[in-house]
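# Coordinates in review
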Amino acid sequence: MNRCVCFIFYCLLALLNLSCLKEKVEGSCAIEVTDYAGRTVKLQKPAKKIVVMADNALVVVKQLDSIQTVIALDSKTLTNFKFSILSTTDPSLADLPDVGSTKSPNYEFLVSITPDLVLLKGDKDAGDVLAEKTGIPTACVKSINGYDFNLYLFIGKLLGQDERAEFVVKQLEKHKEYLENKLSVLKNDEKKSAYLIIQNSGKNLYKTQKFCQSFELACLENVAKDATRFNEWGTVEFSKEEVLNITPDLVFLDYNSLSTSISKDTVYNDSIFSLLYAIKNKRLYYTHNFSLPKDYVYVVAEAYYYAHLAYPQIIDEVQYRSAINAIFEATYGIENYYEDWEKPLL
């Protein structure tokens, strides 16, 4: 009787192993996700060697504690790297190989470095072509409107960092909701307005962003929000006459460390801007660089900065400092970041 039971047990165990082997061969046990282009991406195991050709994805990889997996970058990300926080936290990334642009990758080189995964900022056709020409699993990533915290979960699944991704999302949601709740006491007539001067405008003070998530989160009305003339990137160019008709309470200048950047003096000395209420009252402030890809850490942290300037009675210095330190420690692993955060804003 015991021999019969043992025989049945070993038969069942063999069937179970055979079933598992079949699942692995067919790929049903593999990581499977739908990317931002609607494509199915499958991996047999979490990616340990990745090429990032999506500038908005690199900071996510860093925040998921997986920056060591990156073995190469695209041209655009490398060019703008000096403006990124990663140039301080992970300066060696600047020495990684360049695999070309997202529209014209170096396919042969990609194959030669044998990555497990490529994160590509592109559409379905671009993803399919790269995957077909290289044989490398390719996941398309896009930057979309709103708070796309799913980006963390998507990349986290590919890298085997699901728990870390959920933690980062919870931290961002917590700080976002806290600020929203604090500012919910404001009545409509108490809300202030703002104008953003961007550096990638060819030194044009009259070119601005129609959309600014950090303004919205900080309960600041963007004076450009009702503009009808804007391009696919959401930039608006006002005429000098139109600028005279806007009345922002605060003006923010996109910070850029290049010698050719727009300076505060340029704004204060402009014949039109010098007439604005905010400029007359010295309410011109630097903000962090807007030429970089969207980083939700900065979206939320910048909103605390704006809210502190606009409504110090609600978000005081202690709350502002505490939020910046907590956000960057939770996401980038940097303790007491407030002073470094403030340096380009002074």
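Refer to the structure printed above.
So, here is what we can say about the structure in this document. Owing to the predicted nature of the structure, the values given are computational and were not obtained by experimental measurement. Numbering of residues starts from 1 in every chain and runs along the sequence as written. Given that the model is predicted, a residue must reach a pLDDT of at least 70 before its local features are reported, and side-chain atom pairs must reach 80 or more before they are shown or counted; all residues, however, enter totals for whole chains, interfaces and linings. Side-chain figures throughout are based on the complete set of non-hydrogen atoms in the structure, without hydrogens or water.

## Focus on the pattern of salt bridges
When a carboxyl oxygen of Asp or Glu lies within 4 Å of a side-chain nitrogen of Lys or Arg, that pair is called a salt bridge. Summed over the entire model, instances satisfying the criterion amount to ten salt bridges. For lysine 124, the salt bridge goes to aspartate 128, with nearest N and O atoms at 2.7 Å. Of this pair, lysine 124 and aspartate 128 both sit in helix α6 (residues 124-134), separated by four residues, roughly a single helical turn. Buried residues are those whose accessible area, probed at 1.4 Å on protein chains only, stays under 20% of the maximum for their type, while exposed residues exceed 50% and partly exposed ones sit between those limits. Relative accessible area serves as the criterion here: at 21%, aspartate 128 is assigned to the partly exposed category. In this structure, glutamate 180 and lysine 176 form a salt bridge, with 2.8 Å as the shortest nitrogen-oxygen distance. One end of the pair is glutamate 180 and the other is lysine 176, both in helix α8 (residues 162-183) and four residues apart, which spans about a single turn. Residue glutamate 180 is classed as partly exposed on the basis of its relative accessible area of 34%. One salt-bridge network, in which partners are shared between bridges, spans Asp35, Arg39, Lys124 and Asp128. Runs of H or I in DSSP of at least four residues are treated as helices and runs of E of at least two as strands, each being numbered from the N terminus.

## Some thoughts on helix α13 (residues 296-310)
Here the expected length of a helix is defined as 1.5 Å per residue gap, with one fewer gap than residues. With 15 residues, α13 ought to run about 21 Å at 1.5 Å a step, and its terminal C-alpha atoms sit 21 Å apart, in line with that. Counting of polar contacts relies on pairs of N or O atoms within 3.5 Å, with two restrictions inside protein: one atom must be capable of donating a hydrogen and the other of accepting it, and residues adjacent in sequence are counted only when both atoms are side-chain atoms. N-cap assignment for α13: the residue whose side-chain oxygen lies 3.0 Å from the backbone N of valine 297 is aspartate 295.

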